[in-house]
Every structure is written in C-alpha cells, then in structure tokens.
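So the chains spell out like this:
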Amino acid sequence: MSRVWNFSAGPAALPQAVLERAQREMLDWNGSGASVMEQSHRGKRFIAMAAQAEADLRELMQIPADYAVLFLQGGATQHFAQIPMNLAGEGDSADYIVSGHWSAKAASEAKPYVRVNVAASSEAADYLKLPPHDSWQLDPNAAYVHYTPNETIHGVEFHGVPEAGAAPLVADMSSNILSEPLDVGRFGLIYAGAQKNIGPSGLVLMIIRRDLLQRAGRPMARIFRYAEHAAADSMLNTPNTWGWYVAGLTFQWLKAQGGLGAMAERNRAKAELLYRAIDGSGGYYRNPIEPSARSRMNVRFTLHDAALDAAFLQESEATGLLALKGHKALGGMRASLYNAVPPEAVEALVAFMRDFAQRHG
Ligand code: PMP
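This structure is a prediction, so every number in the text was calculated from the model and none was measured.

*Asks:* Give a detailed account of the site of the ligand, specifying residues and quantitative values.
*Replies:* Around the ligand sit 13 residues in total, of which Thr77, Thr152, Asp172, Gln195 and Lys196 are the nearest. In the environment of the ligand, an oxygen atom lies 3.5 Å from a nitrogen or oxygen atom belonging to the side chain of Trp102. Interatomic distance of 2.9 Å between a side-chain N/O atom of Gln195 and an oxygen atom of the ligand. For the ligand, whose accessible area on its own is 400 Å², the fraction buried by protein is 84%. It is helix H3 (residues 75–87) that contributes the most residues to the shell around the ligand, 4 residues altogether. Across the shell around the ligand, the residue classes tally to 3 nonpolar, 8 polar and 2 charged.

*Asks:* Quick rundown of the sheet that holds strand E5 (residues 145–147)? Include the residues and the values.
*Replies:* The strand order across the open sheet built from 7 strands is E2-E10-E9-E8-E5-E3-E4, with neighbouring strands paired in mixed fashion. What marks the edges here is a single partner per strand, and that holds for strand E2 (67–72) and strand E4 (115–121). For this sheet, the mean inter-axis angle between neighbouring strands, taken without regard to orientation, is 20°. Packed onto the sheet, helix H2 (residues 44–61) meets E2 and strand E10 (204–209) and runs at close to 125° relative to E2.

*Asks:* Help me get a handle on the nonpolar core, residues and values and all.
*Replies:* Core analysis: the largest hydrophobic core is formed by 55 residues, its most contacted members being Met61, Ile177, Leu178, Ile198 and Phe251. Ranked by the residues each element gives to this core, the list is headed by helix H6 (residues 241–256), at 8 residues. Contacts of Ile198, omitting those with residues within four sequence positions, involve Leu14, Ile177, Leu178, Ala192, Gly193, Leu203, Leu205, Val246, Ala247, Thr250 and Phe251. In terms of nonpolar packing, the next biggest core, distinct from the first, is built from 30 residues, Ala13, Ala277, Ile278 and Phe301 among them.

*Asks:* I'd like to hear about the pairing of strand E8 (residues 169–172), residue by residue, with values.
*Replies:* Side chains on a regular strand alternate between the two faces of the sheet. Judged by which residues are buried, E8 turns out to be covered on both faces: Leu169 and Ala171 on one side and Val170 and Asp172 on the other are all buried. For E8 and strand E9 (residues 189–193), the ladder comprises 3 bridges, and the chain directions are parallel. In the strand pairing of E9, Val170 is matched with Leu189.

*Asks:* Can you tell me about the domain arrangement of the protein chain, naming the residues and giving the values?
*Replies:* On domain assignment, one finds that the protein chain holds domain 1 (16–256) and domain 2 (258–360). Relative to domain 2, the C-alpha centre of domain 1 lies at a distance of 27 Å. Between domain 1 and domain 2, the contact holds 27 residues from the first and 25 residues from the second. Here domain 1 meets domain 2 over a buried area of about 2200 Å², counting both sides, of which 55% is carbon and sulfur. On the domain 1 side of the interface with domain 2, the three residues burying the most area are Leu128, Ile153 and Ser179, jointly 23% of the side's total. Seen at the junction of domain 1 and domain 2, the total is 2 salt bridges. Here Arg296 ties to Glu157 by a salt bridge, and the two come within 2.7 Å at their closest N and O atoms. Taken together, the links from domain 1 to domain 2 amount to 17 residue pairs in polar contact (both at pLDDT 80 or more). Among the secondary structure elements, those contributing two or more residues to the side of domain 1 that touches domain 2 are H2, strand E6 (150–151), strand E7 (156–157) and H6. With 4 residues, H6 is the single largest residue contributor to the side of domain 1 that touches domain 2. Partitioned by chemical class, the residues of the side of domain 1 that touches domain 2 number 12 nonpolar, 9 polar and 6 charged.

*Asks:* Please provide a residue-by-residue account of the packing of helix H1 (residues 16–24) against H6, values included.
*Replies:* Interaxial distance between H1 and H6 falls to 9 Å at its minimum, and their mutual angle equals 130°. One way to sum up the angle between H1 and H6 is to call them oblique. Note on packing geometry: the crossing formed by H1 with H6 is right-handed. Along its contact with H1, which presents Ala17, Val18, Arg21 and Ala22, the element H6 presents Trp242, Tyr245, Val246, Leu249, Thr250, Gln252 and Trp253. Of the residues in the contact of H1 with H6, the class split is 8 nonpolar, 2 polar and 1 charged.

Analysis parameters
Residues numbered from 1 in each chain as written. Predicted model: local features only at pLDDT ≥ 70, side-chain atom pairs only at ≥ 80, totals over all residues. Heavy atoms only, no water. Near = heavy atom within 4 Å. Polar contact = N/O pair within 3.5 Å; in protein donor to acceptor, adjacent residues only side chain to side chain. Areas by Shrake-Rupley, 256 points an atom, 1.4 Å probe, with all protein chains shown as cover. Helix = DSSP H or I, 4+ residues; strand = E, 2+ residues; numbered from the N terminus. Nonpolar A, V, L, I, M, F, W, Y, C, P; charged D, E, K, R; others polar. Pairing = 2+ DSSP bridges. Axes fitted to C-alpha atoms, helices over the stretch in contact; angles between N-to-C directions. Contact = heavy atoms within 4.5 Å. Core = buried A, V, L, I, M, F, W, Y, C linked by side-chain atoms within 4.5 Å. Buried < 20%, exposed > 50% of the residue type's maximum accessible area, 1.4 Å probe, protein only. Domains from an automatic or database assignment. Buried area = accessible area lost by both parts, 1.4 Å probe. Salt bridge = Lys/Arg side-chain N within 4 Å of Asp/Glu carboxyl O. Parallel < 35°, antiparallel > 145°, perpendicular 65-115°, else oblique. Left-handed = near helix turned anticlockwise from the far one by under 90°.

What follows is the structure in structure tokens.
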C-alpha cells in the first residue's frame, strides 16, 4: 500500500513530514520512553510541548497579546452552542451571516441560547454566491456577529475580512485557518475544528480576545466556560493530548514551509490550477460558484453528465486520487486543497481530469 493524493474534506490530509515524525516518536517521545499519549498532561514534558505549540501558533498567526489561545474539545459543532452560552446574556441577540451549510447550522444551534438575527443570507441563491455586504442588516447592539469565512460543503469563501460594525466578529475557520496570513485583531473570536488544516479530529482551536472572557454569558457548568479554560491553560480537565501534540508538529511544519505567506501563495496557485482546468474544459466540468466567491480550500465541480460520476470516482481512486466524491447533499465532486495537499496532488488531479474527459468524450 502506498500513499495516495488525498482530497478529503475532513478529516483531511496531514503533512507527510508530520506523520513521519509522529511515527518516529510514537514509542519514545522526547526521551521519555513512552508515547505522548501515555503520559500526564501535568508532566513537565507535556507542559513544555503545549507551551511551544501555542508559541509557534502565536508566531505563525501574529496573535496579539490580548488574545488567549485555547486548545479545546467537542468539535466545532459543540462551540456553535457554547459560543452563545459564553458571549450572550439573557435576552441578548446575535447576528448571523448565513452563507452555506455550516453557518446555517451555527445559527440554528445557537437558538436555545441567544436570539438569532439572520442579518444576511444567500440561501435563496442556493449559496452559489456570498450575501452581498450592502444587504447585511447588522444590529449595533448584537452580542456578536458570526460568520463562516469558508463553507466546506458549498465551496464559497470570503476573500478578505468583512466589515462587521461594532459587535465582536466571531468566525468559524474550521476549513481555512492557517491557509493565509490573517489580521487576528479584526476578530473577537476565531475557532476551528482541527481536522482539516491543523491535525486530528477531537481538538478545537480557539483564539479569543481576552475582554470577551469577562462576559457573564448564561448560567453554565465550569467546563463550558471559556474563561475557566483560559485560566487553566486549557487543562481544566484532561485535554486531547495527542491532538495538541500533532497540532504542534503541524505548526512547526508550517514555519519550516515559510509560514502563512508561503502557504497562501501555494494555496492560491493550487486552486487557480484546478479552477482553470474546470473552466477550460469546454463545459465537460463545471463549477457553479460565482467566481469572486470561489473557495481556495474546497473546489466543487460536476461532470457534464452525472451518469459518468461513478466511473470518474472509480477511475480516480484507482489512479491514487482519494476522496473526490462531493457532499451527499449536493452530489458531484469536491476536491479539498488544504495546506497539506501538495501542488503535485493538484497537478495529478488535473492531468487525470483531462485524460478522463478525452477517454469518455
Ligand atoms: N464548521 C465547518 C466550516 C466545518 O467544515 C465543519 C466540519 N466539516 C464543522 C463546522 C463541524 O465540525 P465538527 O465535526 O468538528 O463539529
């Protein structure tokens, strides 16, 4: 069995160098004679590793000192609920920008804890474009404004951080974090499930402006309160030690690649290559998204005849191109091009697509 080019939407490809290092260190991590999974998170070695991972992330993302970095659990989905629990008090409302499956879900999961105001939505356009900024009905008294910069299923992405007024901007960056440089200071809270651009599932990364930790939110158990996690350095209870460790390896790998500027350039070139192949196929392949809203991370496409889908999937897999099947809600294909997907993978995909189109007319 050899490694394939992996286009999975998540859990997704990890850098091979990260996997190899984790493999080398599996039985004897850091001279301890045991794996990282087998030792206390309160031990000196783990605490040093955890602090280094945070320091590397802060350096990569240029995170200002007045932001806390948390290594949490529960998946992004749990935080759809936990964010309003923490940021909104009784009777408060929050603005949600709905641009696809995940932001719609974030809005609906928040409803038990905050009055949800859908300030803008592109649902009527089948999420093929972003809600135009001049249509946003933002409430200046909102507890926060939530949006999803990259919609993993629908394949739309905000390019640049939208102006969101006075309320803190909250972003679900599960599928685009670390893919380009970011002005963290524009945000109140950034969160991301790890399983696309960071590491294994079961870890959630959160970057939160410290003043927001002072909000009383709703009555809740300590385990749900972000301020408690921050005060305990994300070790209020046993963290996902393995996930934290692999995330740390990914941060080191990103630094070795030249940081987020270099990743942004590589990601732009990868997406451009694939979109160019789709657009240049004379209608054989098609991407339905308005060009200015196309995602660099998740590229959707359909074949001109859906009857060819099964052959496309079967042959692509046989060629070593994994996980191109689109989300079941939308059909068609989807290629996810996260940081760990190298340019060679996209070149191989484009070559296969050309060849397939020739052979299947
Ligand atoms: N938000 C986005 C943008 C996602 O892509 C996903 C998962 N694919 C989620 C939230 C849900 O994440 P989780 O499964 O970690 O709860």
